[in-house]
Structure formats: structure tokens, C-alpha cells
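Residues per chain, in single letters:
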Amino acid sequence: MHSYPIPAQPQLLVEETIKKSRFLTYIVHTEGTAAAKLAVQTLREQHPMARHHCWAFVAGAPNDSQQLGFSDDGEPSGTAGKPMLAQLMGSGLGEVTAVVVRYYGGVMLGTGGLVKAYGGGVQLALTQLERQLKIPKQSYRLDCHYAQLAEVERIVQRFQGDILDTHFTERVTAVIALPERYLAECNEALSQFSRGELHLQQQ
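Predicted, not measured: the structure shown is a model, and the values here were computed from it.

Draft legend 1. Looking closely at the overall build of the chain. From N to C terminus, the chain includes 5 helices and 11 strands. Computed over the C-alpha atoms, the radius of gyration of the chain is 23 Å, more than 25% above the 17 Å expected from 2.2 N^0.38 for a compact globule of 203 residues. Referenced to the eigenvectors of the C-alpha coordinate spread, the extents of the chain come out at roughly 75 × 30 × 25 Å. By the burial criterion, 44% of the 203 residues in the chain qualify as buried. In the chain, of all internal contacts separated by at least 6 residues, the share reaching a separation of at least 24 is 68%. Here the chain carries 18 positive and 20 negative side-chain charges, and the mean point of each set is 10 Å from the other.

Draft legend 2. Just unusual backbone geometry, in detail. In this structure, Lys19 takes a positive phi of about 50° despite not being glycine. Of note, Lys19 is situated in the loop between β2 (11–18) and β3 (21–29).

Draft legend 3. Helix α1 (residues 33–46), seen in detail. Helix length check: α1 (14 residues) gives 20 Å between terminal C-alpha atoms against 20 Å at 1.5 Å per residue, within 8%. Inspection of α1 places Ala36, Ala39, Val40 and Leu43 among the buried residues, and these make up the whole buried set. The arc enclosing the buried residues of α1, seen along the axis, measures out at 95°, which places them on a common side. Turned more than 90 degrees from where α1 packs its buried face, Ala34, Lys37, Leu38 and Glu45 sit exposed. Considering only its buried residues, α1 is in contact with β3, β4 (52–58) and β6 (96–103).

Reading guide: rules and limits
Residues numbered from 1 in each chain as written. Predicted model: local features only at pLDDT ≥ 70, side-chain atom pairs only at ≥ 80, totals over all residues. Heavy atoms only, no water. Helix = DSSP H or I, 4+ residues; strand = E, 2+ residues; numbered from the N terminus. Rg over C-alpha atoms; globule rule 2.2 N^0.38 Å. Buried < 20%, exposed > 50% of the residue type's maximum accessible area, 1.4 Å probe, protein only. Contact = heavy atoms within 4.5 Å. Lys, Arg positive; Asp, Glu negative; His and termini not counted. Charge placed at Lys NZ, Arg CZ, Asp CG, Glu CD. Expected span 1.5 Å × (residues − 1). Arc of directions from axis to C-beta.

See the structure below:
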């Protein structure tokens, strides 16, 4: 699992007026297909008077073809969702949804004009979007003594990991998310601290 860029901000809006129609292009950070569909529905509800709410998303990693989607929402087939998706896929971004809200101004744009308006709106918005790198993490389990937990937390954080859950019985069982590339180094640090007792186990 490789790292990839995602939007650094929750939402970005760019507005254009093309031949009297208003085009509002939203770029939204959405992790997963359900979040992408919710973003589309939320913007549809925010703009109930708009003629079209066209959308496209790359909801997972950029190369995950199982989490792609698009819709022309009543515009002629192939003039909105597909050019929007093409811009998203060309950007290399993951976890991103584009929604273009159109308030119709009474002037027909033609198929070429629509492709340019929808694809161009997403392209323009992407040039203004701040990005950050997402490093995918794997889940591991670790059993330790209560007295060891504070140092375990420090070691995990040093390697960009997170403790997702802790279960307290006679010992502490922690669920840890850690970038796979740091697994060996993190285990080495845990082993040194605990004199060989502690190591991460695959979930």
C-alpha cells in the first residue's frame, strides 16, 4: 500500500458564470464511497433550486477502480460526469469528490461547451486545492504491562502510528495503526525497550 495525495482541506468552492449559467464547483475530501455519496446528497440539499448536480469521485486510493463513480444528472450523456472524473483521475488524488452545481441561465452550451464547463471547472478548482500526503496504515495488536504503556505510546507516535483502542485486563491489549514501512523499525524499538518482550502482531 503506497502513500498518495489527498485534499488537505475539507471542502473547496470555485464559482464561474458561463453564458448566464452559474457553475459552482465543489471539491470535497471524502474517505470511501459512502462519504462521497453523502457529500453529493448534502450539496444537492444545499442547492435545491439548481438545475443539475453533476458529480464524480475517486473515493479511495487513486488506483482503486472499485471506488470510482460519476453522474451527468440530466445533462447529455458524457458531457459532465465523465470529463469531471477524467480531471480527478488525471490529478493523481485519492479520497476526493467533485460536485458541480449548475443554475441554468437560459443559454444552451452544446455538448462541447458542457464538457468544457464541467471538466474545466474541476480542473480550475484542482489548481487551487491544497494537498497532503496520506500514508496508509496497517492494524496490529500489542500486549504489554500497564507500566509499559506510556513508553509504547511514545514509540508508536515516533513512527507515525496511532493507538486506536486499548483493552485493560491483567495486561493491556492495544490496537495500533502503523505505516507498514515502519514496522521493522518500530518492532526493533519496542524490543529494545522491553528487552525482547514486546512486538507487534498482525491483526
